[in-house]
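Commentary on secondary and tertiary structure
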Amino acid sequence: MGAAMRRIHVGNALSAFGLGFTVPYLYVYVAQVRGLGSVTAGLVLAVFAVAALIVLPFAGRAIVRRGPLPVLLVALVTAALGALSLGLSASAGTVLLSAAALGAGQAVMQPALATMIVDCSTTETRSRAFATQFFLQNLGLGVGGLIGGHLVDTTSASSFTLLFAIEAAMFLVLVAVMATVRAPRAPRIEGAPGQAGGGSWKQLLGNRAMVQLCVLGFVLFFACYGQFESGLSAYGVEAAGISTSALGTALAANTLMIVIAQFAVLKFVERRKRSRVIAAVGLIWAVAWAVAGYAGLGHGSQTMATAAFISTYALFGLGEAMLSPTLAPLVADLAPTGLAGQYNSAFALVKQLALAIGPAVGGPLGASLHAPYIVAFLLFSLGITVLAVRLGRQLTDVQNQPSLARSRVVTQGGAPADAVVAAEA
């Protein structure tokens with residue numbers, strides 16, 4: 001791991017640590033501490049998603065034209081200002097504007113950092129690099145949330161101001177760290193159609209494998225991440241009688257599974273086809289939804305229901321650990337030369353869209369229609385397996401299994417792996 005990659009990973013950990021301080025307590029802060037009510041608090045959470053959906057299409061174009069580092073630095077300063085302003089805001093208008101700045105900055109960080117990882121890695125090392133990123137993000141979120149929980153006091157607005165100030169400081173520290181990165185810049189092809197904003201999106205939509213991956217990614221994020229803090233938690237409380245403390249334990253089990261399993265799973269993933277790994281995740285999550293069904297509909301003891309519900313979150317964590325070294329590197333390997341930023345931004349846009357729709361659909365369904373909720377998302381998980389198998393047919397041998405490559409070259413445009421190896425020889 002080079003010096004640039006080490007700084008990128010430190011940056012990921014710091015940003016996640018800062019977000020962990022505030023994200024779990026945002027609703028309480030706006031609704032209760034500032035006394036703005038549940039409607040305003042709900043709007044703040046919606047603003048995060050809307051801001052991300054607005055800026056991400058432009059972020060990809062900016063990364064392609066300017067490079068990921070300048071875009072990342074602007075996003076970090078924007079997020080720092082948004083976090084600090086949010087901690088000082090007392091009116092609904094300023095809270096919503098601050099949330100928009102924080103959400104926009106946070107959204108742009110993801111594709112910018114991902115593109116820097118792509119630029120600093122090879123085909124052979126990329127899966128490990130993204131696995132490390134995911135590991136550090138979860139560790140940072142967990143540690144930040146744990147420390148933040150001991151600092152907050154719902155009777156004191158100043159304690160929340162301190163939290164948001166710490167978050168802003170983490171972003172500014174990250175500016176200082178990332179400003180020293182000397183990452184290799186991905187080569188550009190002057191005059192290529194992808195250099196124009198509209199042309200790059202048209203080129204992306206013409207890539208069948210990338211379009212199928214975006215559809216698959218939407219279902220993945222909708223059926224898992226989009227349910228964690230909405231539909232699945234509502235189902236657990238209403239159908240399975242899960243206490244708030246048990247729900248916290250389930251979330252901790254998810255993070256713990258990722259931290260423990262990430263690098264053990266990586267060895268398994270690196271030697272297998274990516275499409276088959278994703279298909280296996282769909283099956284694991286189908287089992288997770290079946291276990292959740294037992295927790296709420298199995299009519300067993302409360303102890304068994306709680307254990308099953310916690311196991312559901314742990315199984316989701318196992319699937320996430322398998323996806324982290326698979327999805328992001330695949331997006332990078334599908335991108336033509338110089339357009340990794342555009343492709344990363346497009347995939348981040350799909351993720352944000354799924355995370356915006358997922359809670360809106362899953363929340364009411366999980367709280368009231370328990371059996372249909374479980375059946376629907378079990379079928380979504382099986383759909384992930386089907387979509388992954390279909391995606392595998394669109395990938396070249398090296399794109400699907402990078403361990404077959406003998407150099408940094410990743411095939412583009414459907415050229416068979418053997419032809420690439422022969423050309424290099």
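We now turn to the structure provided with this report. (Residues numbered from 1 in each chain as written. Predicted model: local features only at pLDDT ≥ 70, side-chain atom pairs only at ≥ 80, totals over all residues. Heavy atoms only, no water.)

This part takes up the overall build of the chain. Within the chain one finds 18 helices and zero strands. Taking all 425 residues of the chain together, the buried fraction comes to 52%. When contacts within the chain are restricted to residue pairs at least 6 apart in sequence, those whose partners lie at least 24 apart make up 83%. On the chain, roughly 17300 Å² of surface is accessible, and the fraction owed to carbon and sulfur atoms is 68%. (Helix = DSSP H or I, 4+ residues; strand = E, 2+ residues; numbered from the N terminus. Buried < 20%, exposed > 50% of the residue type's maximum accessible area, 1.4 Å probe, protein only. Contact = heavy atoms within 4.5 Å. Areas by Shrake-Rupley, 256 points an atom, 1.4 Å probe, with all protein chains shown as cover.)

Where two aromatic rings form a pair, the distance of their centres and the angle of their planes describe that pair. Scanning the model with the defined rule gives 15 aromatic pairs in all. Look at Tyr235 and Tyr373: their rings are 6.0 Å apart centre to centre, the planes differ by 35°, and that puts the pair in the tilted class. Remark: Tyr373 occurs in helix α16 (residues 370-392) and Tyr235 occurs in helix α10 (residues 231-238); sequence separation between them is 138 residues. The two residues Tyr235 and Tyr373 agree in class, both being buried. Centroid distance Trp289 to Tyr373: 5.4 Å. Interplanar angle 85°. Geometry classified as edge-to-face. Pair noted here: Trp289 is in helix α12 (residues 274-297) and Tyr373 is in helix α16, with a separation of 84 residues, a long-range link. You'll find Trp289 and Tyr373 in the same group, each marked buried. One aromatic cluster is present, built from ring pairs that chain together Phe218, Phe222, Tyr235, Trp285, Trp289, Phe316, Tyr373, Phe377 and Phe380. (Phe/Tyr/Trp six-rings, centres within 6.5 Å; stacked < 30°, edge-to-face > 60°.)

The next thing to look at is the pattern of salt bridges. If the charged atoms of two oppositely charged side chains come close together, the side chains can form a pair. According to the stated counting rule, one finds two salt bridges in the structure shown. For Asp333, the salt bridge identified is with Arg126, shortest N-O distance 2.7 Å. Pair noted here: Asp333 is in helix α14 (residues 327-334) and Arg126 is in helix α6 (residues 126-151), with a separation of 207 residues, a long-range link. Taken individually, Asp333 and Arg126 each receive the classification buried, so the pair is uniform in this respect. We note a salt bridge from Arg274 to Asp333, for which the minimum N-O separation is 2.9 Å. (Salt bridge = Lys/Arg side-chain N within 4 Å of Asp/Glu carboxyl O.)

Time to look at the environment of Met210. Here Met210 shows up in helix α9 (residues 208-223). Note on Met210: relative accessible area 0%, which makes it buried. With 137 residues separating them along the chain, Met210 and Phe347 place their C-alpha atoms 9.0 Å apart. Leave out the neighbours within four places in its chain, and Met210 touches Leu204, Val331, Leu334, Tyr343 and Phe347.

For Thr312, the location among the structural elements is in helix α13 (residues 302-323). Accessibility expressed as a relative area gives 0% for Thr312, which makes it buried. A distance of 3.4 Å separates a polar side-chain atom of Thr312 from the backbone oxygen of Ala288. Excluding residues that lie within four positions of it along the chain, Thr312 makes contacts with Leu232, Ala288, Val291 and Ala292. (Polar contact = N/O pair within 3.5 Å; in protein donor to acceptor, adjacent residues only side chain to side chain.)

Attention now goes to the packing of helix α3 (residues 37-66) against helix α5 (residues 92-119). One way to put it is that α3 packs onto α5 with a least axis distance of 7 Å and a crossing angle of 40°. Judged by the angle between their axes, α3 and α5 are oblique. The interaxial crossing formed by α3 with α5 has right-handed handedness. Residues belonging to the contact of α3 with α5 are distributed by class as follows: 21 nonpolar, four polar and no charged. (Axes fitted to C-alpha atoms, helices over the stretch in contact; angles between N-to-C directions. Parallel < 35°, antiparallel > 145°, perpendicular 65-115°, else oblique. Left-handed = near helix turned anticlockwise from the far one by under 90°. Nonpolar A, V, L, I, M, F, W, Y, C, P; charged D, E, K, R; others polar.)

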